[in-house]
Amino acid sequence: MKYRHSFHAGNFADVHKHVTLLALLGALRKKDKGFLYLETHAGRGSYDLSSPSAEASAGIGRLKLAPAAAPELHDYAALLAHYRGRLGRPHFYPGSPLLAVSTLRPQDRAVLIELLAAETRALEEALTAAAPKAREAARVHVERGDGFERLRAWLPPPERRGLTFLDPPYEETQQDFLQLTAALTEGLRRFPTGVFAAWYPIKDERSTRAWQACCAQALHASVLLSELWLYPRDTRVALNGSGLLIVNPPWQILERMRVWLPQLQACLAVGAAGGSDARMLRESPR
């Protein structure tokens, strides 16, 4: 499976991961002390959906929120509308770097890492156009490199608070799962109190469950799973669902997720085979 950000921008997995990301950042902002946002596979930062793919049409294109929907969903929709309105581009779609940077306070920082040179340049241009104040304040650092490798350079942060977001392309699914587990283990060893969120595809149930079991053994911290699927979970035809493994989840994130995640799944549902789940994979050792 190859999950290039630009190929899948705006699909249901993007919506799931972006709502979750904003919820995690919101939880960190509840304390005044600054934090580091570190993204290992940042992509180009923004996308043009003026000719939406079938995936985007079935993702962000289906997001119609009722007034009573959870605030996490409304916050995401409002931020998307803000970007589009301010830039005068109704089909503008911000990726995770722009969404995260838009929430930073003066005391917070972001480090955005991308492997591909063309994507790195596009990310810098997107930040300059859409988030110039953050760039001018030097609170956002863009770096070309291997995000898995560069974790060692940036963790632990001097703020001693932070969120690391890992979203690899899964060009070689099994190898990426192995690298992801190693990166999470090393990141947690360096930064035991940090929050880590890793996205993964739901496609082959056996591989997914085996990887989760491995993480439950390797990661000595609280681990939360957030999953949303639109199609039968155990088929290899296409991307069936979206998962996020969250290490050291902030307080009350699970409770809130159990409110908004079913609402999001209902918005995006395409049939009876879909569903959602939020649960603890591993409780913190006492």
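See above for the structure.
These remarks concern the structure in this document. All values derive from a computational prediction rather than experimental measurement.

1. Thoughts on the environment of Arg161
Inference 1: Structurally, Arg161 is set in the loop between helix H8 (147-154) and strand S6 (162-166).
Inference 2: Residue class for Arg161 comes out buried when judged on its relative accessible area of 13%.
Inference 3: Through-space distance from the C-alpha of Arg161 to that of Leu28 is 8.2 Å; in sequence the pair is 133 residues apart.
Inference 4: A polar contact is formed between the side chain of Arg161 and the backbone oxygen of Lys33, at a distance of 2.4 Å.

2. A closer look at the environment of Glu55
Inference 1: Relative to the assigned elements, Glu55 resides in helix H3 (residues 54-57).
Inference 2: The spatial distance from the C-alpha of Glu55 to the C-alpha of Ala13 is 9.4 Å, given a sequence separation of 42 residues.
Inference 3: What Glu55 contacts, discounting residues up to four positions off in sequence, is His8, Gly10, Asn11 and Phe12.
Inference 4: A polar contact of 2.9 Å, which involves the side chain of Glu55, links it to the side chain of Asn11.

3. Some details on the packing of aromatic side chains
Inference 1: Scanning the model with the defined rule gives 7 aromatic pairs in all.
Inference 2: Where Tyr170 meets Trp199, the ring centres are 5.7 Å apart and the plane angle is 70 degrees; that geometry is what we call edge-to-face. Taken together, the positions of Tyr170 in the loop between S6 and helix H9 (173-190) and Trp199 in strand S7 (residues 195-202) put the pair 29 residues apart, joining distant regions of the chain.
Inference 3: Taken together, the ring pairs in this structure connect Tyr170, Phe177, Trp199, Tyr200 and Trp211 into an aromatic cluster.
Inference 4: In this arrangement the basic side chain of Lys17 is found over the ring face of Trp199, its NZ or CZ atom lying 4.3 Å from the centre.
Inference 5: When the ring centre of Trp229 is taken as origin, the NZ or CZ atom of Arg233, which lies over that ring, is 4.5 Å away.

4. Focus on helix H10 (residues 205-218)
Because the α-helix completes a turn every 3.6 residues, residues three or four places apart line up on one side.
Inference 1: The end-to-end C-alpha separation of H10 is 20 Å, in line with the 20 Å expected for 14 residues at 1.5 Å each.
Inference 2: Residues Glu205, Ser207, Thr208, Trp211, Gln212, Cys215 and Ala216 constitute the buried set of H10.
Inference 3: Where H10 starts, the residue carrying a side-chain oxygen 3.2 Å from the main-chain nitrogen of Arg206 turns out to be Asp204.

5. A few points about the pattern of salt bridges
Inference 1: All told, the structure shown has 15 salt bridges when counted by the stated rule.
Inference 2: Two residues, Glu186 and Arg189, come together in a salt bridge whose shortest N-O distance is 2.9 Å. Taken together, the residues Glu186 and Arg189, both in helix H9 and 3 residues apart, mark about one turn of the helix.
Inference 3: We note a salt bridge from Glu205 to Arg209, for which the minimum N-O separation is 3.1 Å. With a gap of 4 residues between them, Glu205 and Arg209 both fall in helix H10, about one helical turn apart.
Inference 4: Among the residues examined, Glu205 registers a relative accessible area of 18% and is labelled buried.
Inference 5: Judged by its relative accessible area of 31%, Arg209 is partly exposed.
Inference 6: Put simply, Glu205, Arg209, Glu227 and Arg233 are held in one network by salt bridges that share partners.

The rules behind the values
- Residues numbered from 1 in each chain as written.
- Predicted model: local features only at pLDDT ≥ 70, side-chain atom pairs only at ≥ 80, totals over all residues.
- Heavy atoms only, no water.
- Helix = DSSP H or I, 4+ residues; strand = E, 2+ residues; numbered from the N terminus.
- Buried < 20%, exposed > 50% of the residue type's maximum accessible area, 1.4 Å probe, protein only.
- Polar contact = N/O pair within 3.5 Å; in protein donor to acceptor, adjacent residues only side chain to side chain.
- Contact = heavy atoms within 4.5 Å.
- Phe/Tyr/Trp six-rings, centres within 6.5 Å; stacked < 30°, edge-to-face > 60°.
- Lys NZ or Arg CZ within 6 Å of the ring centre and 35° of its normal.
- Expected span 1.5 Å × (residues − 1).
- Salt bridge = Lys/Arg side-chain N within 4 Å of Asp/Glu carboxyl O.

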